[in-house]
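Each chain, written out:
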Amino acid sequence: MRSSSPLPRMSRRGRVTIGVLIGVFVLFTLLGWGVQAWTDWLWFSEVDYTAVFRGVLVTRLLLFLAAALAMAAIVGGNLWLAQRLRPRHRPHSPEQATLERYRMLLGPRLGLWITAAAAIVGLFAGLSAQSRWNQWLLFLNGGDFGVADPEFGIDVGFYVFQLPFWRFLLGLGFTAVVLALLGSLAVHYLFGGVRLQGVGDRMSNAARAHLSTLVAVFVLLKAVAYVLDRRSMLLEYNDGVGVYGAGYADINALLPAKEILAYISVVVAIAIIVFSNAWMRNLVWPGISLALLGVSAVAIGGIYPWAVQTFEVKPSARDKEAKYIERSIVATRASFGLESAQTSAYAANNLTPQESLATDTSVVPNARLLDPQLVSQTYTQLQQVRGFYDFGPKLDIDRYTVNGKTQDYVVGVREINYGELTAQQSNWINRHTVYTHGYGVVAAPANQVVCGGQPYFVSGFLGERAQESCSSPTDQIPASQPRIYYGERMQDGDYAIVGKPNPDANPAEFDRPAGESGEGRESYYTYSGEGGVEIGSFSRRLLYAIKEQEANFLLSEAVNDNSKLLYVRNPRDRVEKVAPFLTLDGDPYPAVVDGRVQWIVDGYTTAATYPYAERVNLQQETTDELTGRGTIQLARENVNYIRNSVKATVDAYDGTVTLYEFDENDPVLKAWNKAFGGDLIKPRAEIPPSLVDHFRYPADLFKVQRNLLTRFHVTNPGDFYSGQDFWQVPNVPDAPDSGVKQPPYYLYTQFPGQEAPRFQLTSAVTPNGRQNLAALISGSYHDGKPTLQVLELPDQTRVSGPVQVHQQMTNNANIRQQLNLLSSNQAQVQYGNLLSLPFGNGMLYVEPVYVKSNQQDAYPLLQKVLLSYGDGGSFVVLADNPADGIKQLVEQGKRAAAGNPPPTGGEEPPGEGEEPAATPSPTPSVTPSPTEAPPITGELGAAADQVRAAITEVRAAQASGDFERYGRALKALDEALTAFQQAQQAAGAPVSPSPTS
C-alpha cells in the first residue's frame, strides 16, 4: 500500500508565485544595497577617505565569507556525514514505520535540504562575524601598551586587541559544535542510527562514534574557555569591594579552580572518545565523565570560591582585598588618564573679602557673565534677521585674541534651520536649491553686556547695524569665507544641490539680506567650493533619485550639468562616517581659523577590556543639564579605557574632513591608523598653530574623568574601602531637586598654581551626601598637553558648595526683595552659570541673573549679578555688574575687619561721585504682601512713588515698541530702585514699594 505524504503538495502556480515574490524581494534588496554602496563610494571619494570605505567593506565581506563558509562546512559536513553513516538495515518497529514517511519525503532531495540548512546557518554566522570587523582589525594590527597586567604579567595589548576576538571565535565554535551535534542527532534518528524503540542497541556504532566525537570537541572547547576565563577574570566586577578586577577569592580560589577544570575537561574529552568507541563501547562511562565534569564545575568552580569569600574574605575584607583594590585604583587612573592629575591642597580659610579683589586682573575681570544656554535665544532674536536662521539651543565658548587681549567669547553660527521654513518656502526647489547655507559666526565677549543686558556683538554682521552702540563698529573676528554649508542644524535629508548651468546664469542660492538693517534687496550666491558629489550625468541623477526616492533629481531644471550634491552635512556625522572607529564628543564647536570657519570635533579611542580598570557607561556618565540642548547624548557604550586621541575638523564651507593625531602615545589609535594604511591620521606635528589655539579640553572626557575622580582621588586602599572621603557632583544649583547634575563650564581664568590665565573646563564637587565644597577640578591644555588639576579643600570646610551658595544668596532678605521686583507675572528670573572661583585663599562665587519677559519672542537680558565670598552666606551682594559687586564686597570686608557685622545683603549705595549702574532692569512688578502694609510716608514714601512712576513708564515704553525710550525707562527705574534702597536703609524699615498694576 502506498504511503501518503505527510505534507500537502503545492500547486505549480503557487510555487511560481512564491518564486516571483522571493525574486522581487531579493532584487530590491540587492538594488538597495547596491545603491547605498555606490553612493557611499562617491561620498568617500569626495572627502578623500576611500581607504576607510574600502577597508571596512572588504573586511566585512571577508569575515562574512569566512564565518559563513566555516559554519556551513561544519554543520553541513556533519549532517552529510550523519546521513552517510546511516545503517543499511533498520529493524521493523512502529517508530521506524512513522519515520519512513519523512525519509521518503526528504530522501530524494536530502542533499538540497542539507545545503539549505547549512546555508541558513552560515548566513547568520556570517552576519554575526561581519559586525566584528572592528575587533578583527584591532586583532590584526594591535601592538603592545608597554604595561603588564599585575597578575599574569601579560601586556595589556593582549586584553585590548586579542582577547575580544578570541572570545568571539570561541563562541562561534561552541555554536557550530552545538548546531552540528543537534543536527547530526536529528539525522541519525531520522535514518535509524539512533532509536528510541526496538530490541538491541539504541545507537549504531557509527552514530555513537560521530556524536561522541562532537561531544568531546565541545568539552575541549570548554577547556579552552576555562583558559580564557583565567584572563577574563581580571575584567570582572568584584562585588565585595565595588571595583573591577579579580579579588582575593578570585585569585586564590577561582583562578586555580579554572586551571583544574581545564585539565579535567581535557581528561573528560579523552574519556568520552575512549569509553564510547575504543573500550566498552557504551554511553554509561562517557555520561559518568560528563557528570563528574559538571559536579567539578559546581564544587571546584562555585562552592569552593564561595566558601573562601564567605568565611575568609568577608570577616577581614579591608585587609584581604587591599592589594586588589590598589590594583583597580592604579589601573583606573592609568586607563582614564587620571594618573597625571595634579592634586594640591587649597585651604580656603579666608572668609573675608580682601581689597585685592578690586585690583585683580586675572580672575575677576574674566568672570564669565553670558550663559551660552540662555543667550542663545538672545542671539536668535537680535542676529537672526530671517526666521529660518537659527543658532541652536546652546552656543559655544571659545577664546580669541583681539587687539592683543585674549579672552573667552560666546560663539554661535547663523545656520539654516529647515524646520523654520514657511509652507511656501518648504517646496523642494526652495528647500534644496535656494536655502542652502547659513552665514557668519556671531561672537560676543563673555564678560561684557551693553544696551540693557545684551551681548556686545563683535562679528558675523549682516549689512549695516541699526544700533552700533550695541555692537562693535568693525568685525573683530573676520571670516574670509563666512558661508555655512555644513553645520549642527543639518539633519538627514537636508541635502543641498548647488551649481549653475553656465557662468552667465543668475545665482540661485539665497545668500543673505543685503539691504539696510537686513531689509530690502536680497543677495544671491553660487557655491564655488570643492565639496559635493557631482550629479550632472543622467546616471548620477538616477542613482540619487533612487537613494533619496525623489523624482525631481530627474525632472527638475534646477539640477543641471554642473550640479553638485552636498549631503551628510552635520559635522559630527561627517567625522563619524570617515572614522567609524572613534567615539565622538557630543559638543562640536566652531572656530574661525585663518579666516575659515572650522568645526572642531573631539574624537576618543576607547576599549572595554583593560584589566582591573573601572568600567563606565558613557551615556550615563556624560548626561547632565545640557544633554539634548545643543549637546548630543552619547551612545550606551561601556568602556574602561579612553583617550582624546584625535582632533577632527570639518570646514563649514566645503566640508573637508581632517583627522589630526593628538595623543601620540595611544596604542589604540596607532592600531587603527595601521589598519587603514598608516596615513589616515595626520601627525600632530602637522596641526596648524592657529588651530591649536582653539583646542579646548573636551567636555565629555572631562565629565568621565571628574566623575571617576570623585572616588579614585583616594589612592589608599583602606580609605577607598571605607569610602568616607568620596565626593559627588552637585545638582544644578537653581534646581537641586531635579536630580540633574551641574554641567562643567569653560572659563578663561587663573587658578592657584597656574602662572597665567588659561582656557579651562571647571567643575565643583562636594563630599558624598553633603553640600559643602570639597574640591575644584579643572581640565586645560598646558604646553600643548592635557592637564587635570584638583584643588582639594580641607575636610569639614566652612565653604559652601554650589547648591548652598545659590540658596544662601537668593534667600538673603534684601536680595530676595530685589529679585521679587525683577520677577512678576510679566517676567521671570533665570540664573546663569554659578561660577566657583578660587581667589585670595578664599572662594568667590559669581552668578549672573537674567530676566525674560513673558511676551512672545522675548529673550533673556542680563540684569544683575549675584556675588558671594567666603562661606557663601556672610558676604553677599546683588549688583548691576561685577565691578560694582566687587566694590561692595570689599566694603563689606572692610566693615567686618573693623569689627562691624556684615550687612544682611543687597546692594551698597553708590559712593560719592559715582553714577548708578547703567545696566537696567526689565519690567518689574512687586508681589504684594499678603497682609495690608502700613502707609509709607516721608522720604521713603517719595522714593516708593518714584519706583511706581518708573514702572509705569517702563510698561508704557514697552508697549510703544520704542527701544530707545524703553532703555531710558529701564535706567530710570534702576535709579529709582537704588534711591528707594538708600531711603529704606536710612529709615531702617524693611518695606518694599507696592506699585499698582
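Below is a short write-up of the structure. Please read all numbers here as calculations on a predicted model, not as lab measurements.

### A closer look at the overall build of the protein
Tallying secondary structure elements over the protein gives 27 helices and 34 strands in all. Evaluated residue by residue, the protein yields a buried proportion of 53% over its 997 residues. Expressed as a percentage of contacts within the protein between residues at least 6 apart in sequence, the contacts between residues at least 24 apart total 69%. Summed over its atoms, the accessible surface of the protein is roughly 44,200 Å², and 54% of this surface lies on carbon and sulfur atoms.

### Some points on the sheet that holds strand 6 (residues 405-413)
Overall, antiparallel pairing links the 3 strands, which are arranged 5-6-9 in an open sheet. Every other strand in the sheet has two partners, leaving strand 5 (396-402) and strand 9 (441-445) as the edge strands with one partner each. If you compare each strand with its neighbour and ignore which way they point, the axes differ by 45° on average. Relative to strand 6, strand 5 runs antiparallel, the two sharing 7 bridges. Note on strand 6: the bridge partner recorded for Asp 398 is Tyr 409.

### A short note on the packing of helix 2 (residues 50-84) against helix 5 (residues 133-141)
Between two packed helices, what matters for the description is the angle formed by their axes and the separation of those axes. Orientation of helix 2 relative to helix 5, taken along the N-to-C sense of each, is 100°, at an axis distance of 10 Å. In this view, helix 2 runs roughly perpendicular relative to helix 5, as classed from their interaxial angle. Of the residues in helix 5, those touching helix 2 at Val 56, Thr 59, Arg 60 and Leu 63 are Trp 133, Trp 136 and Leu 137. In terms of residue class, the contact of helix 2 with helix 5 is made up of 5 nonpolar, 1 polar and 1 charged.

### Structural notes on the state of the cysteines
Formally, a disulfide is one covalent bond, and it connects the sulfur atom of one cysteine to the sulfur atom of another. Under the defined criterion, the tally for this structure stands at 1 disulfide. Between the sulfur atoms of Cys 451 and its disulfide mate Cys 470 the distance is 1.8 Å. An S-S torsion of about -105° defines the bridge between Cys 451 and Cys 470 as left-handed. Taken as a pair, Cys 451 in the loop between strand 10 (449-450) and strand 11 (454-455) and Cys 470 in the loop between strand 11 and strand 12 (483-484) lie far apart in primary sequence, 19 residues in all. For Cys 451, a relative accessible area of 32% gives the class partly exposed.

### Thoughts on the sheet that holds strand 16 (residues 533-534)
Judged by pairing direction, the sheet is antiparallel, and its 3 strands sit side by side in the order 13-17-16 without closing on themselves. Sheet topology places strand 13 (496-498) and strand 16 at the edges, where each strand pairs with a single neighbour. As paired strands, strand 16 and strand 17 (residues 564-566) are joined by 2 bridges and run antiparallel to one another. Paired with Val 533 across the bridge in strand 17 is Leu 565.

### A closer look at the pairing of strand 23 (residues 641-651)
Each regular strand carries side chains that alternate between the two faces of the sheet. The buried count for strand 23 comes to 11 of 11 residues, which makes it a mostly enclosed element. When strand 20 (residues 596-607) meets strand 23, the two strands line up antiparallel, connected through 9 bridges. If you follow Gln 598 over to strand 23, its bridge partner there is Asp 651. Pairing analysis gives 5 bridges linking strand 23 to strand 24 (residues 657-661), with the strands arranged antiparallel. Of the residues in strand 24, the one forming a bridge with Ala 648 is Leu 659.

### Quick look at the pairing of strand 5
Counting buried positions over the 7 residues of strand 5 gives 6, a clear majority of the element. Linking strand 5 to strand 6, which pair antiparallel, is a turn of 2 residues; within it Asn 403 sits at a positive phi near 55°.

### Observations regarding unusual backbone geometry
Residues other than glycine seldom take positive phi values, yet Cys 451 does so here, at roughly 50°. Here Asp 783, not a glycine, exhibits a phi torsion of approximately 55°, which is positive. Summarising the element assignment, Asp 783 is placed in the loop between strand 28 (775-782) and strand 29 (785-792).

### Examining empty space enclosed by the protein
Any empty space left between atoms is shown by rolling a water-sized probe over those atoms. Taken as a whole and judged by the stated rule, the model has 6 cavities of 30 Å³ or more. Here the largest cavity defines a volume of roughly 250 Å³. Lining the largest cavity are 22 residues; nearest its centre among them are Lys 394, Asp 587, Leu 626, Pro 744 and Tyr 746. Along the lines of polarity and charge, the residues of the lining of the largest cavity split into 10 nonpolar, 3 polar and 9 charged.

### Some remarks on the pattern of salt bridges
Applying the stated criterion across every chain, the model contains 27 salt bridges. Among the ionic pairs, Asp 40 bridges to Lys 577, the shortest N-O distance being 3.3 Å. Of this pair, Asp 40 sits in helix 1 (residues 12-47) while Lys 577 sits in helix 17 (residues 571-578), placing them 537 residues apart in sequence. Asp 651 serves as the salt-bridge partner of Arg 596, at 3.1 Å between the closest nitrogen and oxygen. A residue pair is termed long-range when its members are at least 10 positions apart, and Arg 596 in strand 20 and Asp 651 in strand 23 qualify at 55 residues. A relative accessible area of 25% means that Arg 596 is categorised as partly exposed.

### Thoughts on the packing of helix 2 against helix 4 (residues 110-130)
Two elements in contact, helix 2 and helix 4, have axes whose closest approach is 7 Å; the angle formed by their N-to-C orientations is 150°. The crossing of helix 2 and helix 4 is right-handed. Packed against helix 2, whose contacting residues are Arg 60, Leu 63, Phe 64, Ala 67, Ala 68, Met 71, Ala 72, Val 75, Gly 76, Leu 79, Trp 80 and Gln 83, the element helix 4 presents Leu 110, Ile 114, Ala 117, Ala 118, Val 121, Gly 122, Leu 123, Ala 125, Gly 126, Leu 127, Ala 129 and Gln 130 at the interface. Broken down by class, the residue content of the contact of helix 2 with helix 4 amounts to 18 nonpolar, 5 polar and 1 charged.

Reading guide: rules and limits
Residues numbered from 1 in each chain as written. Predicted model: local features only at pLDDT ≥ 70, side-chain atom pairs only at ≥ 80, totals over all residues. Heavy atoms only, no water. Helix = DSSP H or I, 4+ residues; strand = E, 2+ residues; numbered from the N terminus. Buried < 20%, exposed > 50% of the residue type's maximum accessible area, 1.4 Å probe, protein only. Contact = heavy atoms within 4.5 Å. Areas by Shrake-Rupley, 256 points an atom, 1.4 Å probe, with all protein chains shown as cover. Pairing = 2+ DSSP bridges. Axes fitted to C-alpha atoms, helices over the stretch in contact; angles between N-to-C directions. Parallel < 35°, antiparallel > 145°, perpendicular 65-115°, else oblique. Nonpolar A, V, L, I, M, F, W, Y, C, P; charged D, E, K, R; others polar. Disulfide = S-S within 2.5 Å. 1 Å grid on protein atoms, 1.4 Å probe; cavity = no way out; pocket = protein on both sides within 12 Å on 5 of 7 lines; lining within 4 Å. Points joined across faces, edges and corners; volume = space filled by probe spheres on them. Salt bridge = Lys/Arg side-chain N within 4 Å of Asp/Glu carboxyl O. Left-handed = near helix turned anticlockwise from the far one by under 90°.

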